Amino acid sequence: MAEPILSIEDLRVEFDRSEDKVYAVNGVSFQIDPGQALGIVGESGSGKSVTLMSALGLIRENGKVKSGVVQFEGKNLLKMSSRQLEDIRGREIGVIFQDPMTSLNPVMSIGDQIMETMLTHHYAGHREAFDRTIQLLHEMGIPDPKARFKNYPHEFSGGMRQRIMIAIALACEPQLLIADEPTTALDVTVQMQILALLQSQRERKNMSVAIITHDFGVATNFCDKIVVLYAGQVMEMADTSAFIQNPAHPYTLGLKNSIIEVGQRGRKLEPIPGMAPTLTEPPTSCSFADRCPFVTDRCREELPKLRSVESNHLVACHRAEEVLARAN
Ligand SMILES: Nc1ncnc2c1ncn2[C@@H]1O[C@H](COP(=O)(O)OP(=O)(O)O)[C@@H](O)[C@H]1O
Ligand code: SF4
Ligand SMILES: [Mg+2]
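This text gives an overview of the structure that appears in the document. Counting restarts for each chain: residues are numbered from 1 in the order of the written sequence. Chains carry letters from A onward and ligands carry numbers from 1 onward, assigned in written order. It should be noted that, the model being predicted, local features are given only for residues of pLDDT at least 70 and side-chain atom pairs only at 80 or more, the latter also being counted only at that level, while totals for whole chains, interfaces and linings use all residues. As a rule here, side-chain values cover all heavy atoms of the structure and leave hydrogens and water aside.

Things to note about the packing of aromatic side chains
Quick reminder of the rule: Pairing of aromatic rings covers Phe, Tyr and Trp, the last through its six-membered ring, and needs centres within 6.5 Å; plane angles under 30 degrees mean stacked, over 60 mean edge-to-face, and all others mean tilted. Every helix listed is a DSSP run of H or I at least four residues long, and every strand listed is a run of E at least two residues long, numbered separately from the N terminus. Residue exposure (1.4 Å probe, protein chains only): buried if accessible area is under 20% of the type maximum, exposed if over 50%, otherwise partly exposed. Counting as a charge over the ring demands two things of the Lys NZ or Arg CZ atom: a distance within 6 Å of the ring centre and an angle within 35 degrees of the ring normal.
What the rule picks out here adds up to 5 aromatic pairs. Relative to Y251, the ring of Y230 lies with its centre 4.7 Å away and its plane at 55°, an arrangement referred to as tilted. In this pair, Y230 sits in strand β9 (residues 225-230) while Y251 sits in helix α11 (residues 250-265), placing the two residues 21 residues apart along the sequence. Each of the two residues, Y230 as well as Y251, counts as buried. When the ring of Y251 is compared with that of F288, the centres are 5.2 Å apart and the planes differ by 65°; the resulting orientation is edge-to-face. Placement of the pair is Y251 in helix α11 and F288 in the loop between α11 and α12 (297-301), with a sequence separation of 37 residues. With a relative accessible area of 2%, F288 lands in the buried category. Put simply, the rings of Y230, Y251 and F288 pair up and form one aromatic cluster. Seen from the ring of F156, R148 lies directly overhead, with NZ or CZ sitting 4.1 Å from the centre.

Structure, rendered in structure tokens:
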């Protein structure tokens, strides 16, 4: 087996607030293999963005990585200087942020922004960077790239801006692309187009992709492997086929049922009743207990460890075997 391109081990991230702390990421571990598309799924606030952004050194000032190892090509990113990380981000790891309007520079033409990425990372000289920008805009499906090069972000639709963000992230041909909710703000048709675009780029370059999404359907359609996060912990991790056939965590069952309901009734229902925990204490019992139809006394007393229930299938639930039997 090839070495993973990215490996996160026991990552813990806390935020200081004036009155208390937020335990946002509580011992998260997973790997991404070369060429693999990994989906990181969970409701809003489950720690998806903080996990990946802290791994890349992009965490707000009140946040602190308390422990963990993040290996990218054999180097621990958490030990790198901000300068070294800046070199890696944009060159070896492309990042697509959630909101293209805040992450694009409003006073710089989109062509210059794509070119700038290549120039600052010494990926190409001026002439080559210009040609590649036109090529990238063309590949991203932006009509008339030469004319649009000089346009500013506000002159594009949301879907087009997202394509420009992807062009910037892909400009230096990264080995790994991290996309944080890349389709959330877009309507369904544009969503599908953007995912198809990412898919074709991935296949052409054998690039690895980590896609953060709260939409379980996006993950099962696009990804080879899925990690489900809840309250800053991995609840389940397996190849996508196992998620479709044998989900073994009650939370995943809820996520899965919610997409079936959306399909059948044509409207979005609240996926799982109840609220996620506030995260102001580190977890000492099952974080999903208050919402879980399988809950027992043990769940409120003992933290379920992530363990193997079948080959390549890890679950953090005391009753995973019963859940598996129920799902089948
Ligand atoms: N700067 C911050 N200060 C305090 N709490 C934060 C900060 N940023 C994120 N959090 C908290 O960390 C948790 C995880 O957030 P995040 O990773 O953004 O969730 P999501 O899964 O929606 O991407 C949430 O409870 C969020 O409120
Ligand atoms: S450990 Fe208990 S409460 Fe937690 S998900 Fe499993 S059955 Fe539900
Ligand atoms: Mg997020």
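Next, the rest of the story.
Re the site of ligand 1
The condition is simple: What makes a residue near a molecule or strand is one non-hydrogen atom of that residue sitting within 4 Å of it. Under this definition, polar contacts are N or O atom pairs within 3.5 Å; protein pairs additionally need one hydrogen-donor-capable and one acceptor-capable atom, and for neighbouring residues in sequence, both atoms have to be side-chain atoms. For the accessible areas, the method is Shrake-Rupley and the probe is 1.4 Å, while residue cover comes only from the protein chains on display.
G45, G47, K48, S49 and V50 are the nearest of the 14 residues found near ligand 1. Within the side chain of K48, an N or O atom sits 2.8 Å from an oxygen atom of ligand 1. The contact in question runs from an oxygen atom of ligand 1 to an N or O atom on the backbone of V50, over 2.8 Å. Contact with the protein chains removes 73% of the 560 Å² of surface that ligand 1 exposes when unbound. Listing elements by their share of the shell around ligand 1, those giving two or more residues are β2 (21-32) and α1 (48-55). Counting residues per element, the shell around ligand 1 draws most heavily on α1, which supplies 3 residues.

Structural notes on the nonpolar core
Taken as a class, soluble globular proteins show a tendency for nonpolar side chains to be buried jointly. Definition in use: Buried Ala, Val, Leu, Ile, Met, Phe, Trp, Tyr and Cys residues form a nonpolar core when they are joined through side-chain atoms within 4.5 Å. Any pair of residues with heavy atoms lying within 4.5 Å of one another is described as a contacting pair.
Residues L6, F30, L52, L77 and I93 are the most contacted members of the largest nonpolar core, which totals 57 residues. The dominant element in this core, judged by the number of residues it contributes, is β2, at 6 residues. Excluding anything up to four places from it in sequence, F30 contacts L6, S7, I8, L38, I40, T51, L52, V227 and M237. Y123, I166, M207 and F222 belong to the second-largest nonpolar core, a separate cluster that totals 40 residues.

Observations concerning the environment of G158
Residue position: G158 is located in helix α7 (residues 158-170). You can call G158 partly exposed: its relative accessible area is 29%. C-alpha separation for the pair G158 and L306, spaced 148 residues apart in sequence, amounts to 39 Å.

So, unusual backbone geometry
Of note in this structure, E73 is not a glycine but carries a positive phi near 50°. Its place among the elements puts E73 in the loop between β4 (63-72) and β5 (75-76). Phi at N206 is positive, roughly 50°, even though this residue is not glycine. Among the structural elements, N206 can be located in the loop between α8 (188-205) and β8 (208-213).

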